[in-house]
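# Observations on chain architecture
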Amino acid sequence: MHDIRLVRADPAAFDAALARRGLPPASAAILARDEARRAALTALQERQARRNALSREIGIARRQGADTAAQEAEAARLREEMAALEAEAAAAEREQTELLEALPNILDPDVPDGADEGANKVLHQHGEPREFPFPPRQHFELGEALGLMDFAAAAKLAGSRFVVLRGALARLERALGQWMLDLHTREHGYAECAVPLLVNDAAVYGTGQLPKFAEDLFRTTDGRWLVPTAEVPLTNLVREEILPEAVLPLRLAALTPCFRSEAGAAGRDTRGMLRQHQFTKVELVSVTTPEASAEEQERMTRCAERVLTGLGLAWRRVVLSAGDTGFSAAKTYDLEVWLPGQGAWREISSCSNCRDFQARRMNARYRPKDGKGTAFVHTLNGSGVAVGRALIAVMETHQQADGSILVPEVLRPWMGGVTEIRPGA
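No experiment lies behind these values; they were computed from the predicted model shown. (Residues numbered from 1 in each chain as written. Predicted model: local features only at pLDDT ≥ 70, side-chain atom pairs only at ≥ 80, totals over all residues. Heavy atoms only, no water.)

### Topic: the UniProt feature "coiled-coil region" (unreviewed entry) in the chain
Cut-off, in case you're wondering: UniProt positions are given in the numbering used here, feature names are shortened, and annotations may be inferred rather than shown by experiment. A helix here means a DSSP run of H or I that spans at least four residues, while a strand means a run of E at least two residues long, and both kinds are numbered starting from the N terminus.
Mapped onto the present numbering, the UniProt feature "coiled-coil region" (unreviewed entry) falls at residues 68-102. Annotated as 94% helix and 0% strand, the span residues 68-102 places its first and last C-alpha atoms 51 Å apart.

### What to know about the nonpolar core
For clarity, the threshold we go by: For the purposes of this section, nonpolar cores are sets of buried Ala, Val, Leu, Ile, Met, Phe, Trp, Tyr and Cys residues that join through side-chain atoms within 4.5 Å. Three labels apply to residues, based on accessible area from a 1.4 Å probe with only protein chains included: buried if under 20% of the type maximum, exposed if over 50%, partly exposed otherwise in between. Note on contacts: a residue pair qualifies if any of its non-hydrogen atoms lie within 4.5 Å across the two residues.
Ranked by size, the top nonpolar core spans 49 residues in total, and within it Leu172, Leu176, Met180, Leu311 and Ile421 carry the most contacts. Those elements that provide at least two residues to this core are helix H5 (139-146), helix H7 (167-186), strand E9 (278-288), helix H10 (293-310), strand E11 (331-339), strand E12 (344-353), strand E15 (378-386) and helix H12 (387-397). At nine residues, H7 tops the list of elements feeding residues into this core. Beyond its immediate sequence surroundings of up to four residues, leucine 172 is in contact with Leu391, Val394, Val407, Leu411, Met415 and Ile421. In terms of nonpolar packing, the next biggest core, distinct from the first, is built from 17 residues, Val195, Leu243, Ala359 and Phe376 among them.

### Structural notes on the UniProt feature "binding site: L-serine" (unreviewed entry) in the chain
Annotation from UniProt places "binding site: L-serine" (unreviewed entry) at Thr229, Ala230, Glu231, Arg260, Glu283, Asn381 and Ser383. Mapped onto the secondary structure, threonine 229 falls in the loop between strand E6 (225-226) and helix H9 (231-235). Apart from the residues within four sequence positions on either side, threonine 229 is in contact with Cys258, Arg260, Lys281 and Glu283. Along the chain, arginine 260 falls in the loop between strand E8 (250-259) and E9. Residue classification places arginine 260 among the partly exposed positions, given a relative accessible area of 29%.

### Quick look at the sheet that holds strand E1 (residues 121-126)
Within a beta sheet, neighbouring strands are joined by backbone hydrogen bonds and run either parallel or antiparallel to one another. Threshold: When DSSP finds at least two bridges between two strands, those strands are taken to pair. The axes used here are C-alpha line fits, helices contributing only the stretch in contact, and every angle between their N-to-C directions lies in the interval 0 to 180 degrees.
Overall, mixed pairing links the eight strands, which are arranged E1-E10-E11-E12-E15-E9-E8-E4 in an open sheet. The open sheet is flanked by E1 and strand E4 (191-192), the only strands paired with a single partner. Together, E4, E8, E9 and E15 form the strand contacts of H7, whose direction differs from that of E9 by roughly 10°. Those strands touched by H12 are E8, E9, E11, E12 and E15, and its axis lies near 40° from that of E15.

### Looking at the pattern of salt bridges
The following threshold applies: Think of a salt bridge as a Lys or Arg side-chain nitrogen and an Asp or Glu carboxyl oxygen that are within 4 Å of each other.
For the coordinates displayed, the defined rule picks out 30 salt bridges. Between arginine 37 and aspartate 34 there is a salt bridge, with its nearest N and O atoms 3.0 Å apart. Placement of the pair is arginine 37 and aspartate 34 together in helix H3 (residues 27-63), with a separation of three residues, close to one helical turn. Here arginine 37 falls in the buried class, since its relative accessible area comes to 15%. Of the charged contacts in the structure, one is a salt bridge between arginine 389 and glutamate 347, with a shortest N-O distance of 3.8 Å. Remark: glutamate 347 occurs in strand E12 and arginine 389 occurs in helix H12; sequence separation between them is 42 residues. Owing to a relative accessible area of 15%, arginine 389 belongs among the buried residues under this scheme. Taken together, the shared-partner salt bridges in this structure form one network comprising Arg8, Asp34, Glu35, Arg37 and Arg38.

This is how it looks when you write it as structure tokens:
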């Protein structure tokens, strides 16, 4: 959500910020509703003042035995006008809110201009893609040959974009999630949380999925939403709270299933596990002060990078362009891993600074150390990382000529000491 004071102060700058995202000007429509709301409230205050004065006049007149019929008629008319003005102000505020809540966050100045992912900028790369003495296979070819990855069984149970993992691959996926969560909580200072997988309207509104992106979510028959990411419940823990500055930064982590309808992904990544309706992810969320949020984003991204380095993967950090940055984010770093089977870099983590955009929707504030008033917190979220995509990257990067897969050393304690996965494992 945007601060209406910023729109009032510089409408041209607000429209220019929207133009970076390829959106038309919106300030005139917003300010028209704002003016209507303020005019209605001013008129309401004037009539309230007159009504209060009339009440005093009527009281005096009654004590003096004077006729008050005219004054009472005026008071009745004022009540009707006040009710109409209250409705007018509420309607204008509702229309103004609907306009504001549909607009994405203002981008940081250092976000590259550009209409889509083609304008994303690679900042640095860690490691080189592995060279193979044999043609590398994609993860689903490896998994099916091992007899441990079954898309047909999943389709029988739930339809497309699901998978059944068996044996050592199921254990490897579990090992990845457990190792990542332990890494972030024990070494990176995030507090582990177990959160609901079903949330209410206010929660998905607070992080920006509603009202614009409802079709991307799964909804239950009782009106709750399956979480598309643990960002939603973790971030909403501070909704409608006023935190003391001393507790910031608040760093939270959760390992959860995630559910997405993939409504806009028809025909994309239909083979394999890259784009599933259900997947597992370690999510990182930070809540901090405005002054600290830029460095917190750098820190969070380094935490996610540590995962990829530990797994022996080639990866790179990319800053997303204006046209590729998500709705709630002011700036996003994507981490991409090299998938040898695809011969392509694919996103495995996004780390975003939302500044006060989500906090305004959630009314999440903090009280500065000097105790003077309150201010909106800044919220950040990042994948630490997507477990299914990490599984894909590990399988394709560490595959052997015979179709077996070497288990990265960091995962072996969670695999009972298993060093490689072979057919029937």
